[in-house]
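Fold and contact review
Single-letter residue listing:
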Amino acid sequence: MPDHANSGMPWGTKLMAFTSVPTRQPNRRTTELLLVIGAWILGVAGTMQIAWATGEGMTPRLWITVVIVGILAGAMHVAVRLTAEYADPLFLPLATLLTILGLVMIYRIDVASALRAARNSAPVPTPDVYAQLTWFTVAVVLFIAVLVLVRDHRRLQRFTYTFGLIGLLGLLLPLLPVIGNTVNGATLWIRVFGLSFQPAEASKIFLTIFFAGYLVMKRDSLALVRTKVFGVGFPRPKDVGPLFVAWIISLGVLIFQRDLGTSLLFFGLFVVMLYIATQRRSWLIIGASLFSVGAILAYFAFGHVRLRVDIWWDPWGDANNTGYQLVQSLYGFASGGLFGSGLGQGFPEFVPFANTDFIVAAIGEELGLVGMCALLLFFGILIERGLRTAIAVRDSFGQLLAVGLSIVLALQLFVIVGGVTRLIPLTGLTTPFLSYGGSSLVANWVIIALLIRISDRARRPDVFVPSVDEAFTQVVRRV
Amino acid sequence: MNRPIRRIGAVLAILLLAMIANVTYVQVFKAADYRERPGNQRQLLAQYDRERGPIVAVTDAVARSMETGDSLRYERVYSNGPLYAPITGFDSLVYGKTGLERTENKILNGSSDLLFVDRTKQLFAGRQVQGGSVITTINPDAQFAAFQGLGTKVGSVVAIEPSTGKILASVQSPSFDPNLLSSHNPASIRTYYEKLTADPKKPLLNRPIVGLNPPGSTFKLVVTAAALASGRFTPDSLLPGPKTYRLPNTTTYLNNWNRKACSPTGMVSLRSALAMSCNTAFAWLGNELGADALRKQAQLMGFDTRFELPLRAARSTFPADPDAPQTSLSAIGQFEVRATALQMAMVGAAIGNKGALMNPFMVQEVRGPDLSILRTTQPSIFNQAMTVTDAAIETEMMVNVVKNGTGSNARISGIDVAGKTGTAQTGNDRPSVAWFVAFAPANNPKVAVAVCIEQAGAAEISGNGLAAPIAKKVIQAVLKLS
């Protein structure tokens, strides 16, 4: 059409006129980039605030760290732009923001520990923030690897049982004699070549994939074959088998590894996925009953479980000993109040395990209730995007996988935040993205990669057929 | 599968709200409660983030805050710790505060209402809240003279300006180093504190104002005042002063300190009886006047009142309902008569200040961080404890004690020193207490001082031997004589 070339109208205006066809969707990659940059700027500001408030100053090492974090975030954005063009634009910025906030708080606690050591003329401990940065680099590499290797999440379904086996093995590895490692009473770690790793963190992903694949195959028999008891339809004992297996595995984790949090996480995850797959509320009832039985049994059978509940009921009963962590955590939150002491101006190092289990207490103290609400809402939005992805994606496997991964994040958050604020008994779990610890950070980033992959599929136009007009326009322009 | 996903979403939203509600509960509604809990170090540590105002003696900051460079920004430093410990007290991470650090805490940490304007200014200037300073009435020379005089003896010294009630010196021995209790190292604080509490000499006791001892013969000053006030006695009235005095209704005999009669005739004037500290004469006089008259005079001079300097002094006491022999013993400052060094200095000050007893105080003024004066203590009268005439008569009698009597070691050439010695038994086999109460110059006293030496040890010690020289040094320091 010669008039295009002669009209003098900008090409973009013409393009818009032509592309108002339903198959062309905005991909929001620029929104994502701007949000990632915003998260990075917040992190830089937080770092500078701490460096200034504690009198440490912005050392060259800090500047390098800040730049590296920026490069890593940028690399992930490029990877998403190239391999998952239509992905939800909020996953990456939110996870980046939370990771950066974690790095900032870990740096904050490093500074506090160093000052405390200097005060007691003790040797200054190695800062954790650089180790965490290294793990973040590993996480980014894995994130990109997942996006590049898994071009379609449905291919994961083929490996359902393989992943199930790997997941189970991961849970059992710490129990092996040579490489198994017990820290603070929980047998969760394996130690290979001097590196500690929590295989349960990887297991939660493998098992989620396994649950999703397994339930897609079995959900019809699980959902449709019922026996009525008191007017409520219950599945046949034969079909309940897998649920019992999950329950026993959870109890096993609890008994042999003394890890209440992980045990809760797996059981809750499986029950919820079962419910979603079958749409039968009876699974929730059975799950809740099994949970209650397990919880009561555990309370009476295991001292460490009973202790956790007793501390929760009355932390001040033994405030200087068993209740110490929780009491100090509550003092931290209380001292933060509405607006917090400000970064670098509180005493987060008073809480034991300040940069792992209790990192949220440090945030509550220095950023206050305002900061805590913002943090919880960021997580809320992240999980909501996960569920929205599950609703939007068209294949059942993708739906279940997206729900499962979102629930893994949600349960972790609830168990740990509820624990440190005394909403529920405290069980050791890391706060996703925030806590110091490589396995957890890497695993959670792989979850984000998978969610991005699924959401890219969900939002990608079904069949992308360039319209004649558009093709023609391009031809004109090239001429 | 969308409906169950939405339902799970709703459940997760409820969990999120529960977390937010719970965090709000902890951080807002329970926050005040948690902050106040014992064992919460944060509140305490926040205090160390402020520059606490100094405690000043004339121009020396005897307690001040120094920046440390660690996370507890300020540390309390006492430039001459043990010397001023009975006044400043300590400011400890572990054991809280004592002394002026405690009573003037709100001024020093800047939270007092007096400092409201300063706080607001600092807020707008974006500066850290700074505390005000507390200017004491202490005369550093007198304080040092008393401290040096006490040396390794166990005891206390209080010096007062009679015309105003200003405490010029308040010294104890043994003392302690508040620096070691105010450090930032809880372990060493505990070690030192436990060492202090285990010490039988009780260095943490604020001896000058709470250490109670029988005043012995220095209480004869009160009895003399009561005798003059009765109108029945003059300095020349003759009293029986035999070698021994049989306590009424008993077979117990009271001796004089030198185991001799107070005069060859057995009769002695009131003036002489005070000058040679005649026990038999005063034991008799006590019963002549009666316990009620003695108690009334003692109360006019500050007994039975709890003074706040603002450090809280102990109440000195005269027994409530003594019988005749107990009254005799009380008249020579034994039995259940108990007095602090502060109290006996006040007795001296009342006589010296023409009978007018001023309320004692230790804080001269309070200043803001910009050194503006926020509050000045106005001297106030506690009681006209005796008439001007009687006060002048007793002053003359006390000058006689130093010139011709038992107080010879307090003589200062060119100056009339009024004084009274005392030595008190504290019980069988228990060490005695040596006292000296004095003021000078007699006609217009600038200082009244009481020295109390506990656990004096050997029986031959006396107020004149141990206590009078210390009183003399303090008087010389205040009058700037060397």
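Residues numbered from 1 in each chain as written. Chains lettered and ligands numbered in written order. Predicted model: local features only at pLDDT ≥ 70, side-chain atom pairs only at ≥ 80, totals over all residues.

Scanning chain A for helices and strands turns up 17 helices and five strands. Summarising the internal contacts of chain A: among those between residues at least 6 apart in sequence, 72% fall at separations of at least 24. (Helix = DSSP H or I, 4+ residues; strand = E, 2+ residues; numbered from the N terminus. Contact = placed C-beta atoms within 7 Å.)

With that out of the way, let us pick up the overall build of chain B. Of the regular secondary structure elements, chain B holds 19 helices and 19 strands. A separation threshold of at least 6 residues defines the contact pool for chain B, and within that pool the share at least 24 residues apart is 69%.

On to the pairing of strand S15 (residues 373–376) of chain B, then. Note on strand geometry: in a regular strand, side chains alternate between the two faces of the sheet. Where strand S14 (residues 363–367) of chain B lies against S15(B), three bridges are found, and the strand directions are antiparallel. Its bridge partner lying in S15(B), Arg367(B) is registered against Ile373(B). (Pairing = 2+ DSSP bridges.)

Attention now moves to the interface of chain B and chain A. Across the contact, 31 residues belong to chain B and 39 residues belong to chain A. Of all the secondary-structure elements, those providing two or more residues to the side of chain B that touches chain A are helix H1 (2–29), helix H2 (31–36) and helix H3 (41–47) of chain B. Residues belonging to the side of chain B that touches chain A are distributed by class as follows: 16 nonpolar, ten polar and five charged. (Nonpolar A, V, L, I, M, F, W, Y, C, P; charged D, E, K, R; others polar.)

In this model helix H10 (residues 186–198) of chain B runs 18 Å from its N-terminal to its C-terminal C-alpha over 13 residues, within 8% of the 18 Å that 1.5 Å per residue would give. When you tally the buried positions in H10(B), you get zero out of 13 residues, a small fraction of the element. (Expected span 1.5 Å × (residues − 1). Buried ≥ 20, exposed ≤ 12 C-beta atoms within 10 Å, placed from the backbone.)

All names here are of chain A. Tracing the backbone through its elements, the reader meets Val370 in helix H14 (residues 359–392). Overall, the presence of 14 C-beta atoms within 10 Å leaves Val370 in the partly exposed class. Residues Val370 and Gly340 lie 30 residues apart in sequence; the distance between their C-alpha atoms is 7.9 Å. Beyond its immediate sequence surroundings of up to four residues, Val370 is in contact with Leu338 and Phe339.

Now for the sheet that holds S15(B). Residues and elements named next belong to chain B. Taken together, six strands build an open sheet; the order of strands is S3-S2-S1-S6-S14-S15 and the sheet is mixed. Each edge of the sheet is formed by a strand with only one pairing partner; in this case those strands are strand S3 (74–78) and S15. Averaged over all pairs of adjacent strands, the angle between their axes in this sheet comes to 25°, without regard to strand direction. (Axes fitted to C-alpha atoms, helices over the stretch in contact; angles between N-to-C directions.)

It is worth spelling out the confidence of the model for chain B at this point. In this model, chain B carries a mean pLDDT of 88, and residues with pLDDT of at least 70 account for 95%. Interface predicted TM-score (ipTM) for the complex: 0.87; the corresponding pTM is 0.63. (pLDDT = per-residue confidence, 0-100.)

The omega torsion across Leu309(B) and Pro310(B) is 15°, close enough to zero to call that bond cis. Tracing the backbone through its elements, the reader meets Pro310(B) in the loop between helix H15 (291–300) and helix H16 (324–331).

Here we take up the packing of helix H12 (residues 220–230) of chain B against helix H18 (residues 388–404) of chain B. Residue and element names in this part refer to chain B. Between H12 and H18, whose axes approach to 10 Å, the crossing angle comes to 135°. Between H12 and H18, the angle falls in the class oblique. The two elements H12 and H18 meet at a crossing, and its hand is right-handed. Counting all contacts with H12, which are made through Thr224, Ala225, Leu228 and Ala229, the residues of H18 involved are Asp390, Ile393, Glu394 and Met397. Taken together, the residues of the contact of H12 with H18 sort by class into five nonpolar, one polar and two charged. (Parallel < 35°, antiparallel > 145°, perpendicular 65-115°, else oblique. Left-handed = near helix turned anticlockwise from the far one by under 90°.)

The next thing to look at is the sheet that holds strand S17 (residues 418–424) of chain B. All names here are of chain B. Ordered in space as S8-S7-S19-S18-S17, the five strands form an open sheet in which the pairing is antiparallel. Of all strands in the sheet, those bounded by a partner on one side alone are strand S8 (167–173) and S17. Within this sheet the neighbouring strands show an average axis-to-axis angle of 5°, counted without direction. Bridge count for strand S18 (residues 433–440) against strand S19 (residues 447–454) is seven bridges, and the pairing is antiparallel. Note that in S19 the partner of Val437 across the bridge is Ala450.

All names here are of chain A. Summary statistics for chain A give a mean pLDDT of 84 and a share of 84% for residues scoring 70 or more. Segment residues 1–21: pLDDT under 50, and 14 contacts once partners within four positions in sequence are set aside and those in other chains are kept. In the model, residues 470–479 has pLDDT below 50 throughout and makes ten contacts with residues more than four positions away in sequence or in other chains.

Side chains that are three or four residues apart share a direction in an α-helix, a result of its 3.6 residues per turn. All names here are of chain A. Between its terminal C-alpha atoms helix H7 (residues 160–172) stretches 19 Å, which fits the 18 Å expected from 13 residues at 1.5 Å a residue. Those residues of H7 not exposed but buried are Phe163, Gly167, Gly170 and Leu171. Looking down the long axis of H7, one finds its buried residues gathered within 100° of arc, a one-sided arrangement. (Arc of directions from axis to C-beta.)

By size, the foremost hydrophobic cluster in this structure holds 143 residues, and its most contacted members are Phe143(A), Met273(A), Val403(A), Val446(A), Ile447(A) and Ile452(A). Looking at this core, the element that brings in the most residues is helix H15 (residues 396–420) of chain A, giving 17 residues. Setting aside residues up to four positions removed in sequence, Phe143(A) forms contacts with Met76(A), Trp445(A), Val446(A), Ile448(A) and Ala449(A). In this structure, Ile55(B), Ala349(B), Ala442(B) and Ala448(B) belong to the second largest nonpolar core, which totals 125 residues. (Core = buried A, V, L, I, M, F, W, Y, C linked by C-beta atoms within 7 Å.)

Glancing now at the pairing of S14(B). Residue and element names in this part refer to chain B. The buried fraction of S14 amounts to four of the five residues, a majority that puts the element mostly inside the structure. With four bridges connecting them, strand S6 (residues 133–136) and S14 associate as antiparallel partners. Looking at the pairing, Val134 lines up with Val366 of S14. Between S14 and S15, which pair antiparallel in sequence order, lie five residues; one of them, Leu371, sits at a positive phi of approximately 75°.

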